[in-house]
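Reading the structure
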Amino acid sequence: MAIDAERLRTQCVYEIEAPLQTIVADMDEIAKAAAKWKAFRTTLRWICGGLLAFGILSLISGYWYIGLPGIAIAIYGFVYAYRYARDVVARAKRCETVKSLATLLASDTSPKADATVKLAFKEVRHLLHDEAFPLRRDGRQSFFTDSWLTLEVQLLDGVEYQQTLTDLIRERTFKNPRGKRKTKIRTHHSVGLRLTYPPEVYGDLRNSGAKLSQPVLLPPSAVLKSKKVTESDIKLKATVRISAELTRTCSMMALGAYRILNFGRKVSSRRSAS
Amino acid sequence: MNPMGCPRRTGFLFPHGCDRLTSIGCPDCQNGQVEDPYESRADRDGYDDYDTYDSSSYAGVEGVGGAEDAADFNEADGESLVRPEEEEFEDDLTES
């Protein structure tokens, strides 16, 4: 399926209900479009730089009627290049994450099954907490969330797989010793996974899931924040410090959750056999 | 699930039957050379022995006893995990 590039560039959201193979192909297409837009932005900046230099030279030489419009057009061009597809270009790596997730799930999903994906490239911050930061002069720190991916698909065993990825943003503002205002931003990631399982296949996992020692392994920069097993679903939540380990964390969380499910299946089989 | 499909277990997260009619060109069993592609997968980061649980895990689980793994996964389990897809072919030939 061809993506609507113009809509993506202006609205910065990719939303679809389609098989995983289609989503993988779309991610490749978005990555290509982002690379093209990035090249256009660079080219436009170079042109505007040249125009600005020409305008300044014209102004110095006394040709103000050429120089002034040239400088104005160059400034407009710089602003346009800065704003042009900025969010998609800046966060094009998110396509890789979605592609990896879709590839991961492809071998356990029917090729005909539709997955629902909403991928946002524009940062939409929601304030969580705001407080003073006493370690620095006039210091203040705010915490935000930016939820950018939801993926839902039904797997071959009837499990509803729901994945959410959210950025956790900490913004600190303070005055340095020279009195200059500084802003430091640090971003971590939060990974949410919910597997709604059919009890007739996996039984009730509340007891059997707890029996496993360390069922969920994670990369070094990830920490499991919560694990909840109910009679109908498994919910896992983890935070990741290093962006490069985000996909690996998603994969390991899914494997960990399925280690509980597979164990539940084995327990159910044993019960039936005895 | 096609009854004439490959009998081997495939899958990344859980075992299920293979949809392929033949093992030729299959990336999972590598042209039929791998007996159990599900268990043999080497891309499960951090989980070296993904399909095996130690006997202590079963201890205390109500209605389950013993250390032996008598009811371990088999091909039939893999098949039963898969929900029936929309029927493409008519099953009951007596109707027509």
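The paragraphs below set out a description of the structure included in this document. (Residues numbered from 1 in each chain as written. Chains lettered and ligands numbered in written order. Predicted model: local features only at pLDDT ≥ 70, side-chain atom pairs only at ≥ 80, totals over all residues. Heavy atoms only, no water.)

This next bit is on the overall build of chain B. The secondary structure content of chain B amounts to three helices and two strands. For chain B, the sequential pattern of α-helices and β-strands runs β-β-α-α-α. Across the 96 residues of chain B, 35% fall into the buried class. Contacts spanning at least 24 positions in sequence make up 46% of the contacts within chain B whose residues lie at least 6 apart. Carbon and sulfur atoms make up 48% of the accessible area of chain B, which amounts to about 6,000 Å² in all. (Helix = DSSP H or I, 4+ residues; strand = E, 2+ residues; numbered from the N terminus. Buried < 20%, exposed > 50% of the residue type's maximum accessible area, 1.4 Å probe, protein only. Contact = heavy atoms within 4.5 Å. Areas by Shrake-Rupley, 256 points an atom, 1.4 Å probe, with all protein chains shown as cover.)

Another point: the overall build of chain A. Within chain A, the regular secondary structure consists of eight helices and eight strands. In terms of its C-alpha atoms, chain A occupies a principal-axis envelope of roughly 100 × 50 × 25 Å. Here chain A, with 274 residues, has 47% of them falling under the buried criterion. Considering only contacts within chain A whose residues lie at least 6 apart along the sequence, 66% involve residues at least 24 apart. Of the accessible surface of chain A, which amounts to about 14,100 Å², a share of 56% is contributed by carbon and sulfur atoms. Across chain A, 44 positive and 26 negative side-chain charges occur, with their mean positions spaced 10 Å apart. (Lys, Arg positive; Asp, Glu negative; His and termini not counted. Charge placed at Lys NZ, Arg CZ, Asp CG, Glu CD.)

Scanning all chains against the criterion turns up nine aromatic pairs over all chains. Summarising the aromatic geometry, the rings of Trp 64 of chain A and Tyr 65 of chain A are spaced 5.8 Å apart at their centres and angled 85 degrees between planes, so their arrangement reads as edge-to-face. On the basis of relative accessibility, which here comes to 53%, the residue Trp 64 of chain A falls in the exposed class. Centroid distance Phe 263 of chain A to Tyr 53 of chain B: 5.1 Å. Interplanar angle 45 degrees. Geometry classified as tilted. Pair noted here: Phe 263 of chain A is in helix 8 (residues 246–273) and Tyr 53 of chain B is in the loop between helix 1 (37–40) and helix 2 (55–58), and the two residues belong to different chains. Of the aromatic side chains, those joined through ring pairs into one cluster are Phe 40, Tyr 76, Tyr 80 and Tyr 84 of chain A. The ring centre of Phe 144 of chain A lies 4.9 Å from the NZ or CZ of Arg 125 of chain A, which sits over that ring. In this structure, Arg 44 of chain B is placed above the aromatic ring of Tyr 38 of chain B, and the distance from its NZ or CZ to the ring centre is 4.6 Å. (Phe/Tyr/Trp six-rings, centres within 6.5 Å; stacked < 30°, edge-to-face > 60°. Lys NZ or Arg CZ within 6 Å of the ring centre and 35° of its normal.)

Let's shift gears to helix 2 (residues 20–60) of chain A. Helix length check: helix 2 of chain A (41 residues) gives 60 Å between terminal C-alpha atoms against 60 Å at 1.5 Å per residue, within 8%. Remark: Gly 62 of chain A follows helix 2 of chain A within two positions and exhibits a positive phi of approximately 95 degrees. (Expected span 1.5 Å × (residues − 1).)

All names here are of chain A. Topologically, Glu 131 is positioned in strand 3 (residues 126–132). In the structure, Glu 131 is positioned 96 residues away from Ala 35 in sequence and 39 Å away in space, judged by C-alpha atoms. If we skip the residues at most four places from it in the chain, Glu 131 touches Arg 140, Gln 141 and Phe 143. At 2.8 Å, the side chain of Glu 131 and the side chain of His 129 are in polar contact. Side chain to side chain, Glu 131 and Gln 141 meet in a polar contact 2.5 Å long. (Polar contact = N/O pair within 3.5 Å; in protein donor to acceptor, adjacent residues only side chain to side chain.)

Enumeration according to the criterion identifies zero disulfides over all chains in this entry. Of all cysteine sulfurs, the one in Cys 95 of chain A lies closest to Cys 250 of chain A, which takes part in no disulfide; the gap is 15 Å. Its relative accessible area of 0% is what places Cys 250 of chain A among the buried residues. Looking at Cys 29 of chain B, it has no disulfide partner, and the nearest cysteine sulfur is the one in Cys 26 of chain B, 3.8 Å off. The class of Cys 29 of chain B is buried, set by a relative accessible area of 1%. (Disulfide = S-S within 2.5 Å.)

Attention shifts here to helix 5 (residues 93–106) of chain A. All names here are of chain A. Its 14 residues give helix 5 an end-to-end C-alpha distance of 20 Å, which sits within 8% of 20 Å, the value for a rise of 1.5 Å per residue. Along helix 5, the residues that are buried comprise Arg 94, Cys 95, Thr 97, Val 98, Leu 101, Ala 102, Leu 104 and Leu 105. The secondary structure elements touched by the buried residues of helix 5 are helix 2, strand 2 (115–120), strand 4 (137–154), strand 5 (160–175) and helix 8.

What follows concerns the pattern of salt bridges. As enumerated under the stated definition, the model contains 20 salt bridges over all chains in all. Two residues, Arg 91 of chain A and Asp 87 of chain A, come together in a salt bridge whose shortest N-O distance is 3.1 Å. For the residue pair Arg 91 of chain A and Asp 87 of chain A, the accessibility class agrees, reading buried in each case. Arg 41 of chain B is the partner of Asp 43 of chain B in a salt bridge, and the nearest nitrogen-oxygen pair spans 2.9 Å. Residue class for Asp 43 of chain B comes out partly exposed when judged on its relative accessible area of 42%. (Salt bridge = Lys/Arg side-chain N within 4 Å of Asp/Glu carboxyl O.)

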